[in-house]
Amino acid sequence: MEFNIKNTTADKQRAACTVIGVYESAQLSATGELLDSTSLGYLSEILATGDMQGKIGSTLLLHKVPLITSPRVLLVGLGKADEFNGKAFLTAVNAALSALNKLNISNAALYLTSEITTDQNQAWQLEQTVIAAHAQQYQPGKLKSNAHEKTHTLKKITLIISDKSLKSAEITISNASAIAKGMTLAQDLGNLPGNICTPSYLAEQAKSLAKTYPLKCEILDRKDMEKLGMGALLAVAQGSAEPPKFIILRHNGGNKNDQPIVLVGKGITFDSGGISIKPGAEMDEMKYDMCGAASVLGTLLAAAELKLALNVIGVIPASENLPDGMAVKPGDIVKSMAGLTIEILNTDAEGRLVLCDALTYVERFEPEVVIDVATLTGACVIALGQHASGLYSSSDELAAEITAAGTTSHDRAWRMPLWDDYQAQLDSNFADMGNIGGRAGGSITAACFLARFTKKYNWAHLDIAGTAWKSGKDKGSTGRPVPLLTHFLLGRVSKK
Ligand code: BES
Ligand code: MN
Ligand code: ZN
C-alpha cells in the first residue's frame, strides 16, 4: 500500500473515493462542510434524509455528488463530536477502510486524519491509519489453493492532514510503513503451521533477510550449542527430530563501538508441552509459540528498512518441544550455559529453558540493554488478557521507556512485579532451581526465573502470550509487539 500526505481542501483532491467524517446528529465535519458548499448543499440534503446520522463506524457511499471531482464520496460516522478520541478514530478509520476495500477502486483520499481527537495527536492518527490499512489487507490464507486470486484493488491512500507540517507527517508515514512491513513478516511466520515453520525454516528466514537487507546473519547448530554448554536449550530440543537452531541477526547501523540493543525472541516452533503434554483442545495454537522470535525478525526488518543509527542484535533460540523416546522427563536435572543446574519439573515450562541459555549467550555482546520477547505463560493471559503484554524489569527507567513505547505505538505493555519475594517459589531440593513456581503468580515466577540469568546487564522481559495472536473466529497472528519494539528503537535513536 502506498501513502501520501496532503494538506488541501476537500473539493480539490480528486480520488476514486473521497472519505469524510460526519459527527453524531448528522453534523458534517469541517471538510464535510467544505464539500457541502461545493456541491451546493447536496450533502446536507442527504443527511436530512436520516440515512447517515453519524453513528460511530457507520458508512454511506454516495456516487456522483454534484460538482465534486471525485466520483465517489464515502461518509463515515465519527460518533459524538466532543467524545471523538483515539479509540473512536480507530473505529471510524477501520469502518472506512473496510468499506473502501469492498469497492473496485485503486485509490482514495482520507479526510478522517484531519479530524482532531481529544487524546491523540496527528502522528498517532497517521501511524494507526497506515497500520490499519495494512492489517485490513493482510491475507492469512496464503496456503489456500485460491490464495493467488487477488482480492484488494485499493493501492494508494492520500491522507489529508489539518496542520502544515508535511515533513514530520512524511517521517511518521515511513516509520509506520516499516512497522507494518515488520508486522506482516511476523504475522506470516506466526500463522505458518509447525510442519513448515520449523527451527530450520526460521534460520532460513533470517538468512534471507540478510540477503534482502544489509543485515548479518549467523546460525549455530546443535554441535555449537553443545560446545557452549547450552544444556537447558538442548534438553528442550532432545525430544524432537527437528534440529534446534540458534539464530543471530545483526543490524549494524550505529558506530562500531556503540553497545548494541539485543532483542531475544522465544522460538518454539511447536509446543506440545513435551512429556508434560498439553490437553488437545486448541493445541494447534502452540504453533504461535515462536511469535517472540517472529517479532524480533520483524523488528530487525523495520530497523534495516529505516536504516536506524543503532546497533541492534536479534537472538533466537529455536526448537520444537515434543515428547519422543529421547525427550527430557519431569525430574531430569540439566546444567545451563550459566553453570546453574535446573530441575525440569514440568517439560511444558520450556520457554524459560531455551531463553536462559540465550540470555547467558548475549552477555558476550556487552549489551546496552536486552529485551526478551516470549509467549511465555498462560498465566499472563489470565492476568492481563489480550490488550497488554506483561512487562518485567528491575529498572524503573527501562520499564518506563518500554511502557511509553507501547503507549505511543498503541501496542501496550503493563508492568508486573519482579520482587525477590517470589523467587523462593523456584526452590528445588535437588538443583539450583526448579523450572516452575506453582500456580500462584505463574507469569511472575517465569520472569523471576529469567531474572536469575540477566544480572550482568540492563534487562526487560515481555510476556506476549496474550497479545501475539488471536483465537476463535479471527484466529491469527497480530504482529505484536513489532510496533512497541520499533518505537523503543526509534526512541533510542532520538536519545542519541
Ligand atoms: N507456550 C506456553 C505458554 C502459553 C500457553 C501461551 C497458552 C499462550 C497460551 C508455555 O511454554 C507454557 O506451556 N507455559 C506453561 C508453564 C507452566 C507449565 C508453569 C503454562 O503457562 O501453562
Ligand atoms: Mn510450554
Ligand atoms: Zn511454550
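Above: the structure in question.
Residues numbered from 1 in each chain as written. Chains lettered and ligands numbered in written order. Predicted model: local features only at pLDDT ≥ 70, side-chain atom pairs only at ≥ 80, totals over all residues. Heavy atoms only, no water.

> Help me out: how do you make sense of the sheet that holds strand 18 (residues 433-434) in this one?
Backbone hydrogen bonds hold the strands of a sheet together, and the pairing may be parallel or antiparallel. Read across the sheet, 3 strands follow the order 13-14-18 without closing on themselves; strand pairing throughout is mixed. Both edges of this open sheet fall to strand 13 (332-335) and strand 18, since each of them pairs with a single strand only. Pairing geometry for strand 14 (residues 341-344) and strand 18, over 2 bridges, is parallel. Counted as the bridge partner of Ile342 is Met433 from strand 18. (Pairing = 2+ DSSP bridges. Helix = DSSP H or I, 4+ residues; strand = E, 2+ residues; numbered from the N terminus.)

> Is there a simple way to think about the coordination of the manganese ion (ligand 2) in this case?
Note on metal sites: the ideal angle is 109.5 degrees for four tetrahedral donors, and 90 or 180 degrees for six octahedral donors. Coordination of the manganese ion (ligand 2) by the protein is provided by Asp271 (OD), Asp348 (O), Asp348 (OD) and Glu350 (OE), with metal-donor distances spanning 2.1 to 2.2 Å. Coordination at the manganese ion (ligand 2) is irregular, judged from the 6 donor atoms that bind it and the angles of 71 to 169° they form at the metal. Read in sequence order, the donor residues for the manganese ion (ligand 2) give the motif D-x76-D-x1-E. Between the manganese ion (ligand 2) and the zinc ion (ligand 3), a spacing of 3.1 Å is present, and a bridge between the two is formed by Asp271. (Donors = N, O, S within 2.8 Å, 3.2 Å for Na, K, Ca; no water. Tetrahedral: all angles 85-135°; square planar, octahedral: opposite > 155°, others 65-115°.)

> Is there a simple way to explain the pairing of strand 15 (residues 369-374) in this structure?
Side-chain direction in a regular strand flips from residue to residue, so the side chains alternate between the two faces of the sheet. With respect to burial, strand 15 is a largely interior element, 6 of its 6 residues being buried. Because side chains alternate across strand 15, one face comprises the buried residues Val369, Ile371 and Val373, and the other comprises Val370, Asp372 and Ala374, equally buried. Relative to strand 15, strand 10 (residues 261-265) runs parallel, the two being bridged by 5 bridges. Residue pairing across strands places Val262 opposite Val370, the latter belonging to strand 15. As defined by bridge partners, strand 15 adjoins strand 19 (residues 459-463) across 5 bridges and the pair is classed as parallel. Its bridge partner lying in strand 19, Ile371 is registered against Ala460. (Buried < 20%, exposed > 50% of the residue type's maximum accessible area, 1.4 Å probe, protein only.)

Purely geometric numbers; function is a separate question.
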